Amino acid sequence: MSCAYDLKVPISLQNALDLLSDAQSMPLAGGTNLLVEIRSGKERPQRLVALDRIEGLAGIDINSETITIGARATVGDLLRSTELAKAAPSLVKAAGVFAGQMVRNAGTIGGNIACASPAADLVPPLMSLDAQVTLQSSSGSRVVALDEYYQGYKQDVRRPDELVTQISMPRLPDQTHNRFYKLARRRGDAITVVGLAVTLTVSDGVCRKARIAMGAVAPCVIRARNAEALLEGNVFDAAMIETAAAQAAAECAPIDDVRASAQYRRHCVRKLTRRLVAEAWNDLEAKVEADV
Amino acid sequence: MSASTPQDTATANVEFNQLGKPLTRTDAAGKVFGTTPFAGDYAMPQMLHLQVVRSTVASAKLLKLNTEKARALDGVVEILTADDLPNPSATPHFHEAYGEKRPMTDPPLLVSDRIRFFGEPLAVIAAETSEIAAQACALVEAEYEPVQGVYDPQEALQPGAPIVHGEDNIMVERKIRKGDVAAGFEDADLIVENTYRTPFQEHAFLEPEVGLAWVDETGVINIRTCAQDIEHFRMIADVLDLPHNRVRIRGAFVGGGFGGKEECAREIYMALMALKTGRPVRLEYSREDSFVGHGKRHPMILRYKTGVTKDGKISALDVDILADSGAYLYLSANVLLYAAVAAPGPYKVDNLKVCARAVATNNMYTSAFRGYGAMQACAAYEQQMDEVAKAVGKDPIAFRQQNYLKTGDPIATGFVPPGAIWTDQCVDRAWAALGPRVEPVEPHIKTGRGVAAYQQSYGKVSFLGDTSEAWVGVEFDGSVVVRSGVADIGGGQVSSLAQIAAEVLGVGLDDVTIYKTDSALTPLAGRTAATRTLSMTGNATKKASEAIRSRLLGRAAIEFGVKPSEVLLSKGRVLVGNAPEKSMRLGDLARLCHIDGIQASELAMHCATHADLLDSETGQGQAHPDYTYGAHAIEVSVDTETGEVRILKSIGAHDVGQCINRAAVEDQIEGGAQNGQGYALSEEMLYNEGKLMTPSLSEYLMPTSMDMTEVESIILESRSGVGPFGAKGIGEPAISAVAPAIANAITDAIGVRIFELPLTPERIVNALMDQES
Ligand SMILES: Cc1cc2nc3c(=O)[nH]c(=O)nc-3n(C[C@H](O)[C@H](O)[C@H](O)COP(=O)(O)OP(=O)(O)OC[C@H]3O[C@@H](n4cnc5c(N)ncnc54)[C@H](O)[C@@H]3O)c2cc1C
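Predicted model, so just to flag it, every value in this text is computed and none were measured.

Caption draft 1: Inspection of the interface of chain A and chain B at higher detail. Tallying the contact residues gives 23 residues for chain A and 29 residues for chain B. When chain A packs against chain B, close to 2200 Å² is buried across both sides, 51% of that on carbon and sulfur atoms. Of all residues in chain A, the largest losses of buried area upon contact with chain B belong to R185(A), R186(A) and R187(A), amounting jointly to 32% of the total for that side. There are 5 salt bridges connecting chain A and chain B. Between R275(A) and D639(B) there is a salt bridge; the shortest N-O distance is 2.8 Å. At the junction of chain A with chain B, the criterion picks out 14 residue pairs in polar contact (both at pLDDT 80 or more). Sorting the residues of the side of chain A that touches chain B by element identifies β11 (176-184) and α11 (262-291) of chain A as the ones contributing at least two each. Per-element accounting of the side of chain A that touches chain B gives the leading share, 7 residues, to α11(A). Taken together, the residues of the side of chain A that touches chain B sort by class into 10 nonpolar, 4 polar and 9 charged.

Written as structure tokens, this is what we have:
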């Protein structure tokens, strides 16, 4: 139930990375995940390295090419950025249905990625936006595509001495729709049953790029690559959307738990994929017409 | 939000200074600013910390309990096991029910041989810190020999099922027989039979159980605890083999009870440890402890068979109720009584047969929870009313109207409630308040609406007897003191008593100070349960205040040379009309009385009418003092693809008799709407072989503010109740009709009924798929 640990509060990134090179250390961001795990005895770190005094780790930077978000940005920070709401609507939507106010004030995007939960709400939108994760350690840094970051249930490619320092993603081209839906058993403070993010880019009536990322329906957040492939290069119609939705449902690998059965989750992946793709498609069509 | 009341002509002229107005409760500021101490805020030097060791299996023989390692841990001071109990057969069971099949089902205080549910207490540890106590807990080793358990009440009735106690698993059986059921079914044109299932429910009060006990300089054991009942001091003394006057419970404001803080095992552990160690001891439950540490709402399987004529009269009703009592009896006998009495609902059923049984299993034991069996019955009868209406092709409200009990009609037990029965007004008002129906725009959304009416008792079971006391006094400056042992569990109980005294004595609410919840120093008021506190202690407070008032008026009449009936008490002054020379301050009058030896204080007792036991074969007689009637109306939207439900409108209309504090009544209606919504939609205690799989608030899903819509309260005042000024009760009634109203609304939306609560998205999706195929 309880555990004694040493708390370090470095003020520089270098200092933090040095502390983390000791195998007994763990990063502490908002603590909204880690403290729960410590209380239940699932984690027993000897030393926590707090990230909140480190300068420059929480910014949101948006230029014409790229969106860059510091790992220490809180869910609330994402919600308050009006620019981000335009540039990455699904991410801000996910931030809006994330936990409750208190947790949004503390929980960070870096912590959400690093906790490697299949139900982490920011991950499907980020994955659908082709996000990349920067990992830094005292010996160097590397960039990993988010869709290659997870390896299984609560498993990721991050070494214990590495910090997630930032998340970046390309700006969306015109004619792109980007949506997220959180299906959960209640509206506030709920663990997601199915999280679904869809990004579709269309030009001349043809789907140029499709991204479908699914949360809480596999050991980690995954993309529905076959469903994406069915959409890409094609002209939309209802039958095709239905086929792609069925394909997404076939690609997920949900389990039964106290929140829902695998069967229900699969059913909802199908319905929600169809709904989100169709909504995006309808909006884009409307937009094309409006442009004319 | 609330709408005002239609007042009937008989009572329309009553004028109150403050009753019925939405006042700020006397306990509000302290709670809002965080200055109110709760039981967990008290600490003492040298205090030890307790932790309860619990079983990790649901059904087993306890072969050995090894405490050596735990005892050896530095900082562990004492460990109590069953062997250390002064009286090994002592039990935390309260014997107040009649109708148990056997008295042999008392839970042990600590298990000595047989474990019957998961989490059953095995030992109590006292240590220097709570961390050490927790560590020691993990070091206690229990050796079990598995015993086959039974986890389903229907299976528990099968021949050859594992037996939890004694000879069979039936713990309680309650019957009601009225008229001729066979003949009633003969007269029916149609018979509609359905089985409804209701789930476990956790109270999940904000404040998990906590308390502090110490032995004072005179040897009296003092216990500061959050409890609905401070009169358990008697039971605690009995277990310790001490005279009753050597145990004192001092309460604090309680952070919610809902029936879950009526038990007293934890106070007994504290008392035993304080005595044994000679040091103050504190026991605080974590949320996880709380989930396994007190009884839950009874899950029930309710079979309803209704005979109805084609013009819509109910001609017969046969109800069979099977409840899971879990491993021990606790309050099951009374809960099943409530369920049986409530079974036909607020309807006139001349030919009635009810059989209600509680069955032992190796699940968590079940006991008191807001509504106390009657609300489970309501969940069934109000869904059944819609089903029967549909079967005879009638509008659900019109069909109900044809069958309502009216004021003066006898209920299921043959008893005629003294108060009014305003079901029809409540249903009509709630339904009308739904307004125009929300039309869904998206193709996958459907909307629907439903209503449910109820009958819920207020006041304790009549054959148990019930009294409550309060002391009121006027000071020389005109301020007023009320003393009462009432436990305020968050409903504004003490504030209402202050308001009653203020109303009668013509002072403001701020002029009253109330001292509460001390079994030694405040007059005993009984348990805050059964929606009895306002009617019982409210009446005692009113009686005391009126006695003082009449003496004060008598003295003032002499002073002013008028008749007592000409004297008024208002705003802290004593007045005769508007004659300035015939006026004085209330405090000065109190001083005059003092000089003359006229008592400006009074201790009063209110005693509920006592009745004989109900007939054991027919259930006929007086079960309760009176009943509250009302209704809840709901509009929902349902996502037919995912099964998600949104509550769009939630409206409670209740005849509360007389509001004391309108704001507090609205609080109850809003809280009941939330509590009932969770029960209907999302709260699930999933047990696997007796082990709770949803033991935290991240898995046990109560509605959050995001899940609630604004609840509308429609308050009707018939001024016909047995409480003070004609008040009825609203604490339990507020939850009764919420779940069936939601179920009826969802059925209306999707066109198919799901017979098992909660109505989870998954059940809705499955029902829709079944309907398609
Ligand atoms: C009541 C409640 C509701 C919640 N609701 C939601 C919800 O709706 N959706 C959702 O997705 N989550 C939810 N969570 C989980 C949690 O809030 C989120 O996962 C949050 O994003 C975690 O961020 P944090 O900053 O608090 O991480 P922490 O708890 O500080 O850390 C989590 C893990 O990540 C590691 N870590 C943190 N930052 C870094 C970094 N920069 N680099 C490397 N490792 C790092 C830590 O060592 C730890 O292992 C909820 C939690 C609670 C308590």
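Still more ground to cover, so stick around.
Caption draft 2: Examining the domain arrangement of chain B more closely. Residue and element names in this part refer to chain B. Segmenting chain B into domains produces domain 1 (39-147 + 221-284), domain 2 (300-461 + 613-772) and domain 3 (467-607). Distance from the C-alpha centre of domain 1 to the C-alpha centre of domain 2: 35 Å. Listed as interface residues are 23 residues of domain 1 and, on the opposing side, 22 residues of domain 2. Summed over both partners, the interface of domain 1 with domain 2 buries about 1900 Å², with 64% contributed by carbon and sulfur atoms.

Caption draft 3: Main features of helix α11 (residues 396-403) of chain B. All names here are of chain B. Every buried residue of α11 is accounted for by I397, F399, R400 and N403. All buried residues of α11 lie within an arc of 160 degrees about the axis, which places them on one face of the element. Where α11 is buried, its residues contact β14 (300-308), β15 (314-326), α10 (374-391), α12 (423-433), β17 (445-458) and α18 (738-750). The residue sitting at the N-terminus of α11 and contributing the capping side-chain oxygen is D395; that oxygen lies 3.0 Å from the backbone nitrogen of I397.

Caption draft 4: Representation of a negative patch on the surface in the model. Taken together, the side chains of D180(B), E186(B), D187(B), D189(B) and D311(B) define an acidic patch exposed on the protein surface. If you trace the backbone, D189(B) turns up in the loop between α5 (181-187) and β9 (190-198).

Caption draft 5: Spotlight on the site of the ligand. Residues and elements named next belong to chain A. In the vicinity of the ligand there are 29 residues, among which P27, G30, T32, L34 and T108 approach most closely. With respect to the ligand, the backbone of N33 contributes an N or O atom lying 2.8 Å from an oxygen atom. Contacts to the ligand include T108, whose side-chain N or O atom sits 2.6 Å from an oxygen atom. Protein chains bury 87% of the 970 Å² of accessible surface belonging to the ligand in isolation. Elements supplying a minimum of two residues to the shell around the ligand: β2 (25-28), α7 (109-114) and β10 (163-170). In terms of residue class, the shell around the ligand is made up of 17 nonpolar, 8 polar and 4 charged.

Caption draft 6: Geometry of the packing of aromatic side chains. All names here are of chain B. In the structure shown here, the tally under the stated rule is 12 aromatic pairs over all chains. Taken together, a centroid distance of 5.3 Å and an interplanar angle of 80 degrees make the contact between F16 and F725 edge-to-face. Note that F16 is positioned in the loop between β1 (2-3) and α1 (28-32) and F725 in the loop between β29 (711-716) and α17 (733-736), a separation of 709 residues in sequence. On the basis of relative accessible area, F725 is assigned to the buried category, the value being 18%. Measuring from ring centre to ring centre gives 5.7 Å for F291 and Y700, while their planes differ by 75 degrees; the resulting arrangement is edge-to-face. Pair noted here: F291 is in helix α8 (residues 287-293) and Y700 is in the loop between β28 (691-692) and β29, with a separation of 409 residues, a long-range link.

Caption draft 7: A look at the domain arrangement of chain A. All names here are of chain A. Taken domain by domain, chain A consists of domain 1 (6-50), domain 2 (61-170) and domain 3 (176-291). The C-alpha-based centres of domain 1 and domain 2 are spaced at 18 Å. Each partner contributes to the roughly 1100 Å² buried at the junction of domain 1 and domain 2, and carbon and sulfur atoms together form 66% of this total. By the criterion of area lost to domain 2, the three top residues of domain 1 are L17, L20 and T32, representing 39% of everything that side buries. Between the two partners, domain 1 and domain 2, sit 0 salt bridges. For the pair domain 1 and domain 2, the number of links is 0 residue pairs in polar contact (both at pLDDT 80 or more). If you tally residues by element for the side of domain 1 that touches domain 2, the top one is helix α1 (residues 13-20), at 5 residues.

Caption draft 8: Structural context of the sheet that holds strand β5 (residues 114-115) of chain B. Residues and elements named next belong to chain B. Strand order in the open sheet made by the 3 strands is β5-β3-β7, with antiparallel pairing throughout. A single partner strand is all that each edge strand has here, and the edge strands are β5 and β7 (141-146). With 6 bridges connecting them, strand β3 (residues 60-66) and β7 associate as antiparallel partners. Bridge pairing links K61 to E145 in β7.

What counts as what
Residues numbered from 1 in each chain as written. Chains lettered and ligands numbered in written order. Predicted model: local features only at pLDDT ≥ 70, side-chain atom pairs only at ≥ 80, totals over all residues. Heavy atoms only, no water. Contact = heavy atoms within 4.5 Å. Buried area = accessible area lost by both parts, 1.4 Å probe. Salt bridge = Lys/Arg side-chain N within 4 Å of Asp/Glu carboxyl O. Polar contact = N/O pair within 3.5 Å; in protein donor to acceptor, adjacent residues only side chain to side chain. Helix = DSSP H or I, 4+ residues; strand = E, 2+ residues; numbered from the N terminus. Nonpolar A, V, L, I, M, F, W, Y, C, P; charged D, E, K, R; others polar. Domains from an automatic or database assignment. Buried < 20%, exposed > 50% of the residue type's maximum accessible area, 1.4 Å probe, protein only. Arc of directions from axis to C-beta. Patch = residues over 30% accessible without salt bridge, like charges linked within 9 Å, V, L, I, M, F, W, Y side chains within 5 Å. Areas by Shrake-Rupley, 256 points an atom, 1.4 Å probe, with all protein chains shown as cover. Lys, Arg positive; Asp, Glu negative; His and termini not counted. Charge placed at Lys NZ, Arg CZ, Asp CG, Glu CD. Near = heavy atom within 4 Å. Phe/Tyr/Trp six-rings, centres within 6.5 Å; stacked < 30°, edge-to-face > 60°. Pairing = 2+ DSSP bridges.

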